[in-house]
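Next come the chains, spelled out residue by residue.
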Amino acid sequence: MHPFHDELKTRLVRYCAIDSQADMDSPGAPSTECQHDMLNLMVAELTDMGARDVTKTPYGTVIATIPGTVPGPTIGFLAHVDTAPQFNATGVKPRVIEGYNGGVITYPDDADLLLDPAAFPYLADKVGDDIVTASGLTLLGADDKAGVAIVMTAARHLLQNPEIKRPTIRVAFTPDEEIGRGVDPKLPADLGVDFAYTFDGGDLGEVTYETFSADFAVVTVTGVSIHPGWAKDKLVNAIHLASKIIDTLPQVTMTPETTDGVEGFIHAVDMKGSADQMELRFILRDFERDGLEAKGTLLRQVCDTIAATEPRAQITCAITPQYRNMRYWLEDDMTPVTLARTALADLNIPEISAPIRGGTDGSRLTELGVPCPNLFTGMQNVHGPLEWVSVQDMTKATDLCLRIAERAAQPS
């Protein structure tokens, strides 16, 4: 058995059982108090294992140093402690299916839920692996607690083995990645690295250096409220106008369920309010800046069109940048990508490099001047009850983390 197997499994189960779900509606940093439970645990564990300069910043990122033994670039290894707000993350009960037999996985807390390898071919390739899932009522949180476990295991190994040649390593654990607020503007300076990696990817061998560019949009529709008994020619129902906006936007194209590859989308993620006022939330995604801008323009045009049909209403559309495709900067400096590829080859792990239909803290870090591609953890089916991860994939990701550190210590 791999020497890190039991440690990774134990860490993952321990971390996933801690509620650390992010909240888009909260202005705090972190956005939820429960994230401090994970962050404070990181501080305690890093301190206990002998890491230096262990700090929890005012914006909620934990940073620590693994001293180098030879000259070389200072490298960052990052993961995020928060879990996605899209599905229940309270009361997670991780379970380990040891030596997966290749059959359909059932769930103790939801008899109707099935994880079928016929529907998820990646699972079919994991016969014999130890598979970690939740119990059926929650997500697992391997996104990104698998990454946390990988970085912590690698950190512990390096600290306990000072004979391993490596440059200075900085590890960091961020909050609120799932709501696009994981990278505070102060983080690049506080991290102090030449380049970095996030461990927040999926399939074995994945090295990502191209992501979506992303904006967040809030449309507010304000109608005219009046008692319905005397509403004729006076009431302006915000619900009706909001529904018209949704109906006018593309339905058979430009939505997540109708796009793939390098196609972008406009995704309605929330709609709430009353006849008086409605709020609609959208995420806009595209791999290219002009494509993202065009989607924002389309959303504004639809809002203006509906507003023109009812001058007594007020419709506003506020679009906020979230992150940009890391490719725009990494294509000018592929140093961390090349290093990761070399380390993968050393480990005989086939590389997967394709644009991912998502983003990471690395997207924002790269934009802010810290080149930061994303590496695999093995996590699958994230943000829902069918989420799972192979412990064997996590061991290979830990090997990659360590090999990158060793490779960086060797003269080019």
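This write-up is about the structure you can find in this document. Since the structure is predicted, the reported quantities are computational estimates derived from the model, not experimental observations.

A closer look at the overall build of the chain
Looking only at helices and strands, the chain has 11 helices and 16 strands in total. Here the chain has a C-alpha radius of gyration of 23 Å; the compact-globule value for 412 residues is 22 Å, and the two agree. Across its three principal directions, the C-alpha atoms of the chain cover 80 × 50 × 35 Å. Counting over 412 residues, the chain shows a buried share of 54%. Within the chain, counting contacts between residues at least 6 apart in sequence, those at least 24 apart form 79% of the total. Accessible surface computed for the chain: about 17000 Å², of which carbon and sulfur atoms make up 52%. Measuring between centres, the 33 positive side-chain charges of the chain sit 3 Å from its 58 negative side-chain charges.

So, the nonpolar core
Ranked by size, the top nonpolar core spans 61 residues in total, and within it F77, V171, F173, Y197 and I404 carry the most contacts. In terms of residue count, the dominant contributor to this core is helix α4 (residues 142–160) (11 residues). Beyond its immediate sequence surroundings of up to four residues, V171 is in contact with L46, V62, I63, A64, I66, F77, V151 and A155. Counting residues in hydrophobic clusters, the runner-up holds 22 residues, among them V236, A238, L249 and M278.

Description of the layout of surface pockets
The space that makes up the largest pocket amounts to roughly 1400 Å³. Lining of the largest pocket is provided by 49 residues; of these, Q86, E177, E178, R285 and H383 occupy positions nearest its centre. The set of elements that each furnish at least two residues to the lining of the largest pocket consists of β9 (195–201), β12 (265–273), β13 (277–286), β14 (314–323) and α10 (361–367). Per element, the largest residue contribution to the lining of the largest pocket is 4 residues, and it comes from β12.

Considerations on the sheet that holds β12
The strand order β12-β13-β11-β14 describes an open sheet built from 4 strands, whose pairing is antiparallel. At either end of the open sheet lies a strand with only one pairing partner, and these are β12 and β14. The sheet shows a mean angle of 20° between the axes of neighbouring strands, direction not considered. Together, β11 (213–222), β12, β13 and β14 form the strand contacts of helix α6 (residues 238–248), whose direction differs from that of β13 by roughly 15°.

Focus on the packing of helix α9 (residues 335–346) against helix α11 (residues 391–408)
It is the contact of α9 with α11, at a shortest axis distance of 9 Å, that shows an interaxial angle of 115°. Taken together, the axes of α9 and α11 are roughly perpendicular relative to one another. The interaxial crossing formed by α9 with α11 has right-handed handedness. Contacts from L339, A340, T342, A343, L344 and D346 of α9 reach α11 at L400, R403, I404, R407 and A408. In the contact of α9 with α11, the residues fall into 7 nonpolar, 1 polar and 3 charged.

Considering the pairing of β12
Relative to β13, β12 is paired through 8 bridges, and the arrangement is antiparallel. Bridge pairing links A268 to F282 in β13. The loop that links β12 with its antiparallel partner β13 comprises 3 residues.

So, the state of the cysteines
Structurally, a disulfide amounts to a covalent bond that connects the sulfur atoms of two cysteines. Per the counting criterion, the structure on display carries 0 disulfides. With no disulfide of its own, C34 lies closest to C16 among cysteine sulfurs, the gap being 14 Å. In this structure C303 is not part of a disulfide, and its nearest cysteine sulfur, from C317, lies 4.5 Å away.

Quick notes on the packing of aromatic side chains
In total, this model carries 7 aromatic pairs according to the counting rule given. Each ring, one from Y328 and one from W329, has its centre 6.1 Å from the other, and the planes form 85°; the classification is edge-to-face. The rings of F77, F195, Y197 and F199 are connected pair by pair, giving a single aromatic cluster.

Digging into the pattern of salt bridges
If you walk through the whole model with that rule in mind, you get 23 salt bridges. Between R281 and E279 there is a salt bridge, and its shortest N-O distance comes to 2.9 Å. The exposure class assigned to R281 is buried, which follows from its relative accessible area of 12%. The salt bridge involving D346 is made with R407; its shortest N-O contact spans 2.7 Å.

Thresholds applied
Residues numbered from 1 in each chain as written. Predicted model: local features only at pLDDT ≥ 70, side-chain atom pairs only at ≥ 80, totals over all residues. Heavy atoms only, no water. Helix = DSSP H or I, 4+ residues; strand = E, 2+ residues; numbered from the N terminus. Rg over C-alpha atoms; globule rule 2.2 N^0.38 Å. Buried < 20%, exposed > 50% of the residue type's maximum accessible area, 1.4 Å probe, protein only. Contact = heavy atoms within 4.5 Å. Areas by Shrake-Rupley, 256 points an atom, 1.4 Å probe, with all protein chains shown as cover. Lys, Arg positive; Asp, Glu negative; His and termini not counted. Charge placed at Lys NZ, Arg CZ, Asp CG, Glu CD. Core = buried A, V, L, I, M, F, W, Y, C linked by side-chain atoms within 4.5 Å. 1 Å grid on protein atoms, 1.4 Å probe; cavity = no way out; pocket = protein on both sides within 12 Å on 5 of 7 lines; lining within 4 Å. Points joined across faces, edges and corners; volume = space filled by probe spheres on them. Pairing = 2+ DSSP bridges. Axes fitted to C-alpha atoms, helices over the stretch in contact; angles between N-to-C directions. Parallel < 35°, antiparallel > 145°, perpendicular 65-115°, else oblique. Left-handed = near helix turned anticlockwise from the far one by under 90°. Nonpolar A, V, L, I, M, F, W, Y, C, P; charged D, E, K, R; others polar. Disulfide = S-S within 2.5 Å. Phe/Tyr/Trp six-rings, centres within 6.5 Å; stacked < 30°, edge-to-face > 60°. Salt bridge = Lys/Arg side-chain N within 4 Å of Asp/Glu carboxyl O.

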